[in-house]
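Listed below are the residues making up each chain.
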Protein chains: 2
Amino acid sequence: MTSSVENRAAAFREYVKKMTSFGQALAVLHWDMRTQAPRKGMDARSEVIGVLSGEQFKLATSKEMEEHLEALSEPAVLDSLDHITRATVLECKKEFDRNKKIPADRYQEFVVLTSQAETIWEEARANSDFAMFRPYLEKIVDFQLEFIDYWGCDGKNKYNTLLDLYEPGVTVDQLDPIFATLREKTVKLVAAIAESPHKPDTSFLKKHFPESEQDAFSRYVLEKIGYDFQAGRMDRSVHPFCTSFNPGDVRITTRFDPNDFNSALFSCIHEAGHAMYEQNINPELLGTPLCEGTSMGIHESQSRYWENMIGRSLPFWQHFYGDLLKAFPVQFAGVDVEQFYRAINEVTPSFIRTEADELTYNLHVMIRYEIEKGLINQTIKVADLPAIWNDKMKEYLGIVPANDKEGVLQDVHWAGGSFGYFPTYSLGNVYAAQFTHVMRKELSGYDELVAKGEFGPIRQWLKERIHQHGKTKSPNELVKEITGEGINASYLMDYLESKYTYIYKL
Amino acid sequence: MTSSVENRAAAFREYVKKMTSFGQALAVLHWDMRTQAPRKGMDARSEVIGVLSGEQFKLATSKEMEEHLEALSEPAVLDSLDHITRATVLECKKEFDRNKKIPADRYQEFVVLTSQAETIWEEARANSDFAMFRPYLEKIVDFQLEFIDYWGCDGKNKYNTLLDLYEPGVTVDQLDPIFATLREKTVKLVAAIAESPHKPDTSFLKKHFPESEQDAFSRYVLEKIGYDFQAGRMDRSVHPFCTSFNPGDVRITTRFDPNDFNSALFSCIHEAGHAMYEQNINPELLGTPLCEGTSMGIHESQSRYWENMIGRSLPFWQHFYGDLLKAFPVQFAGVDVEQFYRAINEVTPSFIRTEADELTYNLHVMIRYEIEKGLINQTIKVADLPAIWNDKMKEYLGIVPANDKEGVLQDVHWAGGSFGYFPTYSLGNVYAAQFTHVMRKELSGYDELVAKGEFGPIRQWLKERIHQHGKTKSPNELVKEITGEGINASYLMDYLESKYTYIYKL
């Protein structure tokens, strides 16, 4: 490396570090707004967030950034850089190009539109009035098509351009067979479960569970599975989330329903799964845009793995059930671990995605995937969405929502202009099952480890294979390196079939 | 106003708003670090704070700022501005000039020095080893003299230049007679109290007071006196503090000693006093550097007023004593309000300023004032400080510290390079007594209002006369407008003499 390249690279790293500092500060401001800030300070806070976001955007799209990127992305120069700087250049360039290709005034109009649309969507959902939301959604879809024109498309499917925002490199060609597998096998499995006479008793999950005791038990479990409270904390918020400021400060939030045990604990484990990913990223990546999970799907694979494949597994409860009985002796009196395990894995087709069980969840996601793909490829019209939605619910889940509030209007994502995000929820499940399959082969006595509460080897495996790399490896690279094959939904279906065959005695 | 001035003023306001947004964000980052952040995230957080502070400093000292200030501080232009913009220009100009006059490399050396000195001070204090700290303190004093050379001096007293940093416009000419009054009258009063046979029984204050119950009672009291929890919150921290992000979000912190009642509640009231000042600043000042208390002394007048003149008054406890007995029936069994009032106002000469009672506190401050004035005017040498300190303690408080840890090494301020700050603590008491004197004349039945727990008229008075103005009026202006005279310590001494004559039956 020449000394002029060295100087340039050093200046670029310093510049990027400043830019990521804005990101960290903004994350703290958002976290504080959602968990701590008093009501009367909200307006001023939003303004501060606006100012800092604007500055961050300027840094990402400045002339100075452009000069750094031009100098450092020359192929010969790029090759001479260390792998972190190289990946940083590529990541910044991708972001820079994406931002620069949209005319500023059009992007501004889009921001205003989605802000209005979110407000309208709230009212439309409350009134179950799709017609009210429809013109906004139509404009938002038009904007997606316009953005795809600016950004360009791989020539295969316009939707790929949007997928790439959330799951870099993953395409419709990969997703179609995945959802085909999920569709075919899940629909059958759901039907078989519906016919099974062996329904679990879930009544004991609906007893009274005081919030403070749920909180204490959740913290106990998180500590045991390895969420590091010295590098994080857990607070309350309306919607649970995980946010990372740096690998030494990754926070989660939760909410407790005192009349439903089957909610907060698993949500805590889910968020802790996200958080353990971020806590275990190589700290050398801090100060670059690579210091975060590589994609929404891989992130979701970590949360779903801990929530469902560990947290809703029998070995897990063989370990923790004694502790649970100590924490809630009255509520679970006379319930054995087997009954408890079956109860927390009840399958019931339902209308609301966020409340769906592990099995039917993928069907909810699939409906949105099919609709998004149709909208973006202009084979589906916004006007027809309520009918299409209800038809698909009928076909896949066997139930039809009574109104659009519990149907097509339930999610905020489209109002916010997010298209291409939904599939990552199911990709997370698919990845998690693939990774578990490998882990079972590589970690001897995997189930016994879980049953003994020895999560260290699992965490170590996840850290080495996935977490530490942050954004330096793409989802497809990770899957290939870890599993030796491509994305494959059959592991997930094998896992689900085996699990529910046992629970429902199919 | 010409349209070019209008445009310039609008651009300047926008620019300043951006700068203050950085200030608000930094305040959140600091608050979070001191109350919420996990241990392992501290280093990265400090870096983010460093980056944002650097950006804020750049904004305050940029070419763009210079151009705005040059254009807008032309006398004719300045006169044509609305009063908020005018005061903003003057405030920014003062800050700009102050920053620009110090060569950047010298300031950088000073920052490094104080950072080292704080670390050394901690060790020196732990070992009661002044010799270890001495060379650092000598360099820090030299820097103060150098800064005064850069900044210039009013020709009367070099120390005035430093006072102006914390109490704009207040000078040694004003402080000397104030401290002369305090010295003469307080020393006599302390001696009389020492000889009084009527010492209060304080044993019941040292019983066990569970933290959660102290917390609940403190919140109850703060709510009653008018700290707005919808525009703030109270958390725990090692050292209590108040921080304002905007008038709708002013937070306080506290700590509880379960074996001492005479600590947390009054500290909470103190911080709430600071907070109510900030909560009641005219919201139109938000986005300017005027949206904060006008000086350290005026700020302290608000915290001390609520803590001592209200919170340690007999009428206050005539109102709250029933609630206190309900909260702590066992601890205060057999204690009447009169006994309680006398106990919380016990006077005992002691070594540590931060633990001093209301009366002797000013003597602690005076010692530091006399020493600082001597150091800056080069009539006192750093090497002689331990001996001078101990002599003054002997003379004013009648006690001599056994070592420098409880003597000259006790405070961090000098290690941090803060000279001119200490006097504002006593100024706060002096201002508060002057304001109370006026309030008593203007609010009929003042004592009865307090005894009935009706704090609304008092808050309204403070808001109208002091709080709303933020930094648009200087301390001297406020005192003159409110009291019709200058700063005058005799009101404070009248109040203290009357209070302790009653308590100690002098």
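Cut-offs applied
Residues numbered from 1 in each chain as written. Chains lettered and ligands numbered in written order. Predicted model: local features only at pLDDT ≥ 70, side-chain atom pairs only at ≥ 80, totals over all residues. Heavy atoms only, no water. Helix = DSSP H or I, 4+ residues; strand = E, 2+ residues; numbered from the N terminus. Rg over C-alpha atoms; globule rule 2.2 N^0.38 Å. Buried < 20%, exposed > 50% of the residue type's maximum accessible area, 1.4 Å probe, protein only. Contact = heavy atoms within 4.5 Å. Areas by Shrake-Rupley, 256 points an atom, 1.4 Å probe, with all protein chains shown as cover. Polar contact = N/O pair within 3.5 Å; in protein donor to acceptor, adjacent residues only side chain to side chain. Buried area = accessible area lost by both parts, 1.4 Å probe. Salt bridge = Lys/Arg side-chain N within 4 Å of Asp/Glu carboxyl O. UniProt positions renumbered as here; feature names shortened; annotations may be inferred. Least-squares fit on C-alpha atoms with pLDDT ≥ 70 in both. Pairing = 2+ DSSP bridges. Axes fitted to C-alpha atoms, helices over the stretch in contact; angles between N-to-C directions.

### Details of the overall build of chain A
Across its full length, chain A holds 21 helices and 3 strands. Compactness check: chain A gives a C-alpha radius of gyration of 23 Å against a globular reference of 23 Å for 506 residues, within 12% of the reference. When burial is assessed residue by residue, chain A has 56% of its 506 residues classed as buried. In chain A, once contacts between residues fewer than 6 apart in sequence are set aside, the share between residues at least 24 apart is 73%. Counting every atom, chain A has about 20,600 Å² of accessible surface; 50% of that belongs to carbon and sulfur.

### Some details on the side chain of Thr424(A)
Residues and elements named next belong to chain A. By the secondary structure assignment, Thr-424 is in helix H17 (residues 423–442). A relative accessible area of 2% places Thr-424 in the buried class. For Thr-424, the side chain forms a polar contact with the main-chain oxygen of Tyr-421, separated by 2.7 Å. Ignoring anything within four residues of it in the chain, the contact list for Thr-424 reads Tyr-166, Glu-167, Met-296, Gly-297 and Glu-300.

### Comments concerning the interface of chain B and chain A
Listed as interface residues are 37 residues of chain B and, on the opposing side, 37 residues of chain A. Buried area between chain B and chain A, both sides added, is near 2,800 Å², and the carbon and sulfur share of it is 55%. Of all residues in chain B, the largest losses of buried area upon contact with chain A belong to Pro38(B), Lys40(B) and Gln230(B), amounting jointly to 18% of the total for that side. Summed over the shared surface of chain B and chain A, the result is 10 salt bridges.

### Examining the UniProt feature "active site" (unreviewed entry) in chain A
Sequence positions flagged by UniProt for "active site" (unreviewed entry) are, in local numbering, Glu271(A). Not counting residues up to four positions away in its chain, the partners in contact with Glu271(A) are Pro240(A), Phe241(A), Cys242(A), Ile252(A) and Thr253(A).

### Side note on the relation of the copies chain B and chain A
Of the transformation placing chain B onto chain A, the axial shift is 0.0 Å and the rotation is 180°, giving an RMSD of 0.0 Å. The transformation relating the two chain copies, once decomposed into turn and shift, fits a two-fold axis. Relative to the rotation axis, the C-alpha of Ala25(B) is the closest in chain B, positioned 3.6 Å from it. A share of 100% of interface residues in chain B that are also interface residues in chain A marks the association as one of identical surfaces.

### Focus on the sheet that holds strand E2 (residues 242–246) of chain B
Residue and element names in this part refer to chain B. With mixed pairing, the 3 strands of this open sheet are ordered in space as E1-E3-E2. Among the strands making up the open sheet, the edge pair consists of strand E1 (234–236) and E2. If you compare each strand with its neighbour and ignore which way they point, the axes differ by 25° on average. Of the strands in this sheet, E1, E2 and strand E3 (249–254) touch helix H11 (residues 261–279), which is tilted by about 165° from E3.

### Looking at the pairing of strand E3 (residues 249–254) of chain A
All names here are of chain A. Of all the 6 residues making up E3, 6 are buried; the element is thus mostly covered by neighbouring parts of the structure. Side chains Asp-249, Arg-251 and Thr-253 project from E3 onto one buried face, and the interleaved Val-250, Ile-252 and Thr-254 project onto a second face that is buried too. In this sheet, E3 lies alongside strand E1 (residues 234–236) in parallel orientation, the contact comprising 3 bridges. Residue pairing across strands places Arg-236 opposite Thr-254, the latter belonging to E3. In sequence, strand E2 (residues 242–246) turns back onto E3 through a hairpin of 2 residues.

### Digging into the sheet that holds E2(A)
Residue and element names in this part refer to chain A. In space, the 3 strands of this open sheet follow the order E1-E3-E2, with mixed pairing throughout. Since the sheet does not close on itself, it has two edges, and those belong to E1 and E2, each with one partner. Looking at each pair of strands side by side, their axes are set apart by 25° on average, direction ignored. Packing against the sheet, helix H11 (residues 261–279) makes contact with E1, E2 and E3, and its axis sits at approximately 165° to E3.

### Quick notes on the UniProt feature "binding site: Zn(2+)" (unreviewed entry) in chain A
Residues and elements named next belong to chain A. According to UniProt, the positions carrying the feature "binding site: Zn(2+)" (unreviewed entry) are His-270, His-274 and Glu-300. Taken together, the annotated residues stretch across 31 residues yet fold into one region, lying no more than 8.7 Å apart by C-alpha. Turning to its location among the elements, His-270 is positioned in helix H11. What makes His-270 buried here is its relative accessible area of 9%. With respect to the helices and strands, His-274 occurs in helix H11. What His-274 contacts, discounting residues up to four positions off in sequence, is Cys-242, His-299, Glu-300 and Ser-303.

### What about the pattern of salt bridges?
Per the counting criterion, the structure on display carries 68 salt bridges over all chains. Across the salt bridge formed by Arg13(A) and Asp82(A), the nearest N and O atoms sit 3.6 Å from each other. Here the residue Arg13(A) occupies a position in helix H1 (residues 3–35), and Asp82(A) occupies one in the loop between helix H4 (75–80) and helix H5 (83–101), the gap between them amounting to 69 residues. Owing to a relative accessible area of 40%, Arg13(A) belongs among the partly exposed residues under this scheme. By relative accessible area, which is 38% here, Asp82(A) ends up partly exposed. A single network of salt bridges, built from pairs that share partners, joins Asp32(A), Arg45(A), Asp249(B) and Arg251(B).

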